[in-house]
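The primary structure of each chain is shown beneath.
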Amino acid sequence: MDCQHECCNCKTKHRDEKEIKDLMNRLSRIEGQVRGVKAMVEGERYCVDILTQVSAIQSALNSFNKVLLSNHIKTCVAKELKDGNEEVISELCNTIQKLMK
């Protein structure tokens, strides 16, 4: 769904409360993990311990992306295809390529 802002060519996506709550909870946990790593650096913790926590953050972000991408395919992509917009396939492929860098 396109927004009506004149300043940009942006799209919006309505999410139900359950999806928003799940995504926000995941982001809050990731945010807490990042704050924990900052505290570890400030506390002069051992490098391997910090790297282990950073790896956990990357895993949490990957998990967030998987959930969001799955929701996107099931809702946005499916709707666009149903409406005859096959350009959404190229957009999806480009998005997946960016995620796999």
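As the structure is a prediction and not an experimental result, all values here were calculated from the model.

Asker: What is the right way to read the nonpolar core from this model?
Answerer: Soluble, globular proteins show a tendency: their nonpolar side chains are buried together. In terms of nonpolar packing, the biggest core is built from 8 residues, these being Leu23, Ile30, Val37, Met40, Ile50, Ile57, Phe64 and Val67. Breaking this core down by element, the ones donating at least two residues are α1 (17–42) and α2 (47–82). Excluding residues that lie within four positions of it along the chain, phenylalanine 64 makes contacts with Leu23, Arg26, Leu27 and Ile30.

Asker: What am I meant to see in the environment of asparagine 65 here?
Answerer: For asparagine 65, the location among the structural elements is in helix α2. On the basis of relative accessible area, asparagine 65 is assigned to the partly exposed category, the value being 29%. Through-space distance from the C-alpha of asparagine 65 to that of valine 48 is 26 Å; in sequence the pair is 17 residues apart.

Asker: When you look at the packing of α2 against helix α3 (residues 87–99) in this model, what are you seeing that I'm missing?
Answerer: To describe two helices that pack against each other, one gives the angle between their axes and the distance between the axes. Contact pair α2 / α3: the axes reach a minimum separation of 10 Å and the direction vectors enclose 170 degrees. When the interaxial angle is binned, α2 and α3 end up roughly antiparallel. Counted together, Asn65, Leu69, His72, Ile73, Val77, Glu80 and Leu81 of α2 and Val88, Ile89, Glu91, Leu92, Ile96 and Leu99 of α3 form the full contact between these two elements. Here the residues of the contact of α2 with α3 are counted per class, giving 9 nonpolar, 2 polar and 2 charged.

Reading guide: rules and limits
Residues numbered from 1 in each chain as written. Predicted model: local features only at pLDDT ≥ 70, side-chain atom pairs only at ≥ 80, totals over all residues. Heavy atoms only, no water. Core = buried A, V, L, I, M, F, W, Y, C linked by side-chain atoms within 4.5 Å. Buried < 20%, exposed > 50% of the residue type's maximum accessible area, 1.4 Å probe, protein only. Helix = DSSP H or I, 4+ residues; strand = E, 2+ residues; numbered from the N terminus. Contact = heavy atoms within 4.5 Å. Axes fitted to C-alpha atoms, helices over the stretch in contact; angles between N-to-C directions. Parallel < 35°, antiparallel > 145°, perpendicular 65-115°, else oblique. Nonpolar A, V, L, I, M, F, W, Y, C, P; charged D, E, K, R; others polar.

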